[in-house]
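Summary of structural features
Spelled out, the chains give:
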Amino acid sequence: MTLSSITLKETGTVDDMIEIANWKLYMDGTEVATTAKSSDKYVTFNLATAATLKASKIVKFVVKADIIGGAGKNVLLSLDSTLDVTAQGTKYGY
């Protein structure tokens, strides 16, 4: 399967549009996507090159960002819906 984008919902107490910037998505330690800001509690990563995910292989994704403000607040990211992942099967194309 190839992964081309992922959208995460921020549900913590931080104001993600003001207090966080320069979001980065890493896959197995390699930066695969960046975005400057989130939009209305959602941060979308569009991979410049689709990432190939192999069956039965565990892949670790890490999100990093610059904290601009919000001392004492927390950041919680999660997938909100299956529609938040854009991927395509490599064997059958769907």
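Details of the structure are given in the entry above.
Residues numbered from 1 in each chain as written. Predicted model: local features only at pLDDT ≥ 70, side-chain atom pairs only at ≥ 80, totals over all residues. Heavy atoms only, no water.

As enumerated under the stated definition, the model contains four salt bridges in all. For Lys41, the salt bridge is made with Glu10, and the minimal N-O distance between the two is 3.2 Å. With a gap of 31 residues between them, Lys41 in the loop between strand E3 (30–35) and strand E4 (42–52) and Glu10 in strand E1 (residues 2–10) connect regions that are remote in the sequence. For Lys41, a relative accessible area of 28% gives the class partly exposed. As a salt-bridge pair, Lys73 and Glu19 come within 3.2 Å of each other at their nearest N and O atoms. Note that Lys73 is positioned in the loop between strand E5 (61–67) and strand E6 (77–78) and Glu19 in helix H1 (residues 16–19), a separation of 54 residues in sequence. (Salt bridge = Lys/Arg side-chain N within 4 Å of Asp/Glu carboxyl O. Helix = DSSP H or I, 4+ residues; strand = E, 2+ residues; numbered from the N terminus. Buried < 20%, exposed > 50% of the residue type's maximum accessible area, 1.4 Å probe, protein only.)

So, about the nonpolar core. Nonpolar side chains tend toward joint burial in soluble globular proteins. Leu25 and Phe45 are the most contacted members of the largest nonpolar core, which has 14 residues in total. Apart from residues lying up to four places away in sequence, Leu25 is in contact with Ile6, Thr30, Glu31, Val32, Ala33, Phe45, Leu47, Phe61, Val62 and Val63. (Core = buried A, V, L, I, M, F, W, Y, C linked by side-chain atoms within 4.5 Å. Contact = heavy atoms within 4.5 Å.)

Our focus in this paragraph is the packing of aromatic side chains. What the rule picks out here adds up to zero aromatic pairs. For the cation-ring pair, Lys64 lies above Tyr26, with the distance from its terminal atom to the ring centre recorded as 4.9 Å. (Phe/Tyr/Trp six-rings, centres within 6.5 Å; stacked < 30°, edge-to-face > 60°. Lys NZ or Arg CZ within 6 Å of the ring centre and 35° of its normal.)

Our focus in this paragraph is the environment of Gly69. Along the chain, the position of Gly69 falls in the loop between E5 and E6. Judged by relative accessible area, Gly69 falls into the partly exposed class, the value being 26%.

With respect to the helices, strands and loops of the structure, Asp16 is situated in helix H1. Within the structure, Asp16 has its side chain in polar contact with the side chain of Ser38 (distance 2.4 Å). Within polar-contact distance, the side chain of Asp16 engages the backbone nitrogen of Lys41 at 3.5 Å. Setting aside anything within four residues of it in sequence, one finds Asp16 in contact with Glu10, Trp23, Ser38, Lys41 and Tyr42. (Polar contact = N/O pair within 3.5 Å; in protein donor to acceptor, adjacent residues only side chain to side chain.)

The sheet built from three strands is open, its strands ordered E3-E2-E5 with antiparallel pairing. Each edge of the open sheet carries a strand with a single partner, namely E3 and E5. Sheet twist, expressed as the average angle between the axes of neighbouring strands with direction ignored, equals 25 degrees. Pairing between strand E2 (residues 20–27) and E5: six bridges, direction antiparallel. Bridged to Tyr26 within E5 is Val62. (Pairing = 2+ DSSP bridges. Axes fitted to C-alpha atoms, helices over the stretch in contact; angles between N-to-C directions.)

The next point concerns unusual backbone geometry. Even without glycine at this site, Asp28 takes up a positive phi of about 50 degrees. Inspection of the secondary structure puts Asp28 in the loop between E2 and E3. When its relative accessible area of 41% is taken as the criterion, Asp28 is described as partly exposed.

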